[in-house]
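Notes for the structure review
Listed here are the chains, written in short residue letters.
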Amino acid sequence: MNQAIRHSWVAAIAMFALIFGAISYVQVIGADELKANPWNQRAVLQSFCNDRGAIIVGGSPVAESVDTGSETCAFQRTYPQPEAYAGITGYFSQNFGATGLEQSMGAELAGNSDQLFLDRVGQLFLGNQPKGASVELTIDPEIQELAYSLIPDGQRGSIVVTNPKTGAILAMVSKPSYDPNLVATQDLAAADASMNELIKVPGINLNPNVSGPTGELLAPGSVFKLVGTAAALSSGKYNKDSELPNPAELPFEGIEYRLPNYAGGNCYTRDTASFAFALQQSCNTPFASIALDLGRDAIAEQAAKFGFGQDMGDQLKLDYARGSTFPDDLDGPGLAQSVIGQKDVRATPLQVALMTAAIANDGVQMQPNLIKTLRSPDLRVIDEPQPKQLRTSTTPDIANQITEWMVSAVSEGIANRAAVPGVQVAGKTGTAELGNGTNNSWFTGFAPANNPQVGVTIVMEGVDITTGAQLTSPNAKRIFEAVLNK
């Protein structure tokens, strides 16, 4: 009998310890993780009708809480410029939780962050509901509006505009987009109906964590040749005067496959090519030869230095895909295809923008940043992120040499439609074949080349050669001119 009682007490104590431990984990150890979980809607339900802080661009809100005059739900979250900013703001919905900055900056916007403790105490003494902080973005509203307009409706694409020296994001857009007001409405049945329609739109990005430019993993095509160029110069086996083999096709021993040269430029006019000519005309076989000479690890190491598969720092405040990668286990043909941005190489538009920005900034990659200031309800600045170095991607000498070749790609090569009169523009185009007659068409570059003020990366998905050429380099020119003329 006594043994049975002892066993019962042991079981009771063990169950008590288990329950106590679970409660302690939920309330203390795992509290922050659970709050940040996009599937946890409790925080949304508790604050859905509160006066949430605004997300501000150029002095105007792109997300704000509006007084409804209702006693049951005093405030409604609204998005005055919905489609152009949906990929950044995300939505704040009673049905579907929060996404984008509404999720990642949720504590600040709701007034629950540690930085707003004194403000909360003051509001409680006054008997008022705590108010959230406002978040001012680095986005330039004119450039954001222009970039969004440059992607035709019905076209899948992304544009990222940055300041290479600081990492500040001046514009970041993608299509197809959506109207966050449709899922943020207090009419829950209408919100459900809207979401059911939105998820049917091909290519729409409703992911709770990432926007198109930060999460869409795409074959980068020939813009990846910038990685191969940096790897070659870093190896010590190549220099600015090196002559590279430039056959019309590159054969591989034991198989019938031959890697063809790019047919859209003048690659066929030379059997050998300088780096300048190879980048100007985007020739494939010289870079394939470099990769076969250096080996897979050298290319992968340089890709990692540019940020492929690496962390982007803590200033972006949007979740992002770390999936930008250079593949493993490559045979000769696979390595040759990969170094020109085909096969299984994948990159987000933001990753390509960061790679290019590192070249523009003497080889130093800055953390991408969306947040300009965080202000308390009384407009006091409580945080103002400063530019932070993320990593060193290459040496200043190599970055400057690649810049010189990128300038020639615009002034004398196939990126010429990005040229701006009176300004040296550095650029590189890319065409990633998708195997169905369509391509991902890319442009990435910066200006002025000798003192970069703006970097532009554009990708249009699933287009033919002609359409891609019309929507990338010429649109980059328009953005360069718009930023430099401000």
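Residues numbered from 1 in each chain as written. Predicted model: local features only at pLDDT ≥ 70, side-chain atom pairs only at ≥ 80, totals over all residues. Heavy atoms only, no water.

You'll find the protein entered in an unreviewed UniProt entry as Peptidoglycan glycosyltransferase, with Pseudarthrobacter oxydans given as the organism.

Examining the overall build of the protein
As a reminder of what qualifies: For helices the rule is a DSSP run of H or I covering at least 4 residues; for strands it is a run of E covering at least 2, with both sets numbered from the N terminus onward. Only protein chains enter the accessibility calculation, which uses a 1.4 Å probe; a residue whose area is less than 20% of its type maximum is buried, one above 50% is exposed, and one in between is partly exposed. In what follows, a contact means two residues having at least one pair of non-hydrogen atoms within 4.5 Å. Only the protein chains shown count as cover for residues, with accessible areas throughout obtained via the Shrake-Rupley method and a probe of 1.4 Å.
The helix and strand inventory of the protein stands at 20 helices and 19 strands. Per-residue burial for the protein yields a buried fraction of 53% across its 486 residues. For the protein, restricting intrachain contacts to residue pairs at least 6 apart in sequence, the fraction spanning at least 24 positions comes to 68%. For the protein, the accessible surface area stands at approximately 21,700 Å², while carbon and sulfur atoms represent 51% of it.

Some thoughts on the state of the cysteines
Keep this limit in mind: Only a pair of cysteine sulfur atoms within 2.5 Å qualifies as a disulfide here.
Considering all chains together, one arrives at two disulfides under this definition. The disulfide partner of Cys49 is Cys73, and the gap between their sulfur atoms is 1.9 Å. With the S-S bond torsion at -100°, the cross-link from Cys49 to Cys73 turns out left-handed. Of the two residues, Cys49 is situated in the loop between α3 (42-47) and β1 (55-57) and Cys73 in the loop between β2 (60-67) and β3 (75-78); the sequence distance between them amounts to 24 residues. Overall, the relative accessible area of 23% leaves Cys49 in the partly exposed class. A relative accessible area of 7% places Cys73 in the buried class. Here Cys267 is linked by a disulfide to Cys283, with a sulfur-sulfur distance of 2.2 Å. Between Cys267 and Cys283, the S-S dihedral sits near -105°, and the bridge is therefore left-handed. Taken together, the residues Cys267 in the loop between β11 (258-260) and β12 (272-274) and Cys283 in the loop between α13 (275-280) and α14 (285-294) connect sequence positions 16 residues apart. The residues Cys267 and Cys283 share a single accessibility class, namely buried.

Observations concerning the sheet that holds strand β18 (residues 439-447)
The following threshold applies: Only strands joined by at least two bridges in the DSSP assignment are considered to pair. Axis lines are fitted to C-alpha atoms, over the contacting stretch for helices. Their N-to-C directions set the angle, which ranges from 0 to 180 degrees.
Taken in spatial order, the five strands make up an open sheet running β8-β7-β19-β18-β17, and their pairing is antiparallel. On the outer flanks of this sheet lie β8 (169-175) and β17 (426-433), each paired with one strand and no other. Ignoring strand direction, the axes of neighbouring strands in this sheet form an average angle of 5°. Of the pairings in the sheet, the one linking β18 to strand β19 (residues 454-463) comprises eight bridges and is antiparallel in character. Bridging from a neighbouring strand, Asn439 pairs with Val463 of β19. Along the sheet, helix α18 (residues 396-411) makes contact with β17 and β18, crossing β17 at roughly 75°.

Let's talk about the side chain of Gln342
Secondary-structure assignment places Gln342 in the loop between α16 (332-338) and α17 (349-360). In this structure Gln342 comes out as buried when scored by relative accessible area, which is 16%. Setting aside residues no more than four positions away along its own chain, Gln342 makes contact with Gln337, Thr431, Ala432 and Glu433.

What about the layout of surface pockets?
Basically, it comes down to this: In this analysis a 1.4 Å probe is tested at points of a 1 Å grid over the protein atoms alone, and where it fits but cannot get out there is a cavity; an open set with protein on both sides within 12 Å along at least five of seven lines is a pocket; lining residues have an atom within 4 Å of a point. Grid points are joined across faces, edges and corners, and a volume is the space filled by probe spheres set on the points.
Volume-wise, the second largest pocket comes out at about 620 Å³. Along its surface, the second largest pocket is lined by 28 residues, and Ser222, Tyr262, Gly430, Thr431 and Ile465 are the ones closest to its centre. Among the elements of the structure, β11, β17, β18 and α19 (465-471) are those that each provide at least two residues to the lining of the second largest pocket. Of the residues forming the lining of the second largest pocket, the biggest block, four residues, is contributed by β17.

Details of the packing of aromatic side chains
Stated formally: Geometry of aromatic contacts follows a simple scheme: Phe, Tyr and Trp rings, the Trp one being its six-membered ring, pair when their centres are within 6.5 Å, and the pair is stacked under 30 degrees between planes, edge-to-face over 60, tilted otherwise.
Applying the stated criterion across every chain, the model contains eight aromatic pairs. Both rings, one in Phe224 and one in Phe308, keep their centres 5.4 Å apart while their planes meet at 85°; by these two values the pair is edge-to-face. Taken together, the residues span a long stretch of sequence, with Phe224 in the loop between α11 (212-215) and α12 (225-235) and Phe308 in the loop between α15 (296-305) and α16 at a distance of 84 residues. Comparing Phe224 with Phe308, the two get one shared label, buried. Between Phe275 and Trp405, the ring centres sit 5.0 Å apart and the planes meet at 15°, which makes this aromatic pair stacked.

Here's the deal with the pattern of salt bridges
The test is simple: A pair is scored as a salt bridge if a Lys or Arg side-chain nitrogen falls within 4 Å of a carboxyl oxygen belonging to Asp or Glu.
Inspection of every chain in the model, using the stated rule, returns 16 salt bridges. Close ionic contact of Asp241 with Lys240 constitutes a salt bridge, the shortest N to O distance being 3.5 Å. It is possible to trace a salt-bridge network through shared partners that takes in Arg52, Arg77 and Glu102.

Side note on helix α4 (residues 82-89)
The buried fraction of α4 is high, at six of eight residues. For α4, every residue scored as buried is listed here: Pro82, Ala84, Tyr85, Ala86, Ile88 and Thr89.

So, the pairing of strand β7 (residues 157-162)
Of all the six residues making up β7, six are buried; the element is thus mostly covered by neighbouring parts of the structure. Residues Gly157, Ile159 and Val161 point to one face of β7 and Ser158, Val160 and Thr162 to the other, with burial holding for every one of them. As paired elements, β7 and β8 share six bridges and run antiparallel to each other. When the bridges of β8 are listed, Val161 appears paired with Ala171.

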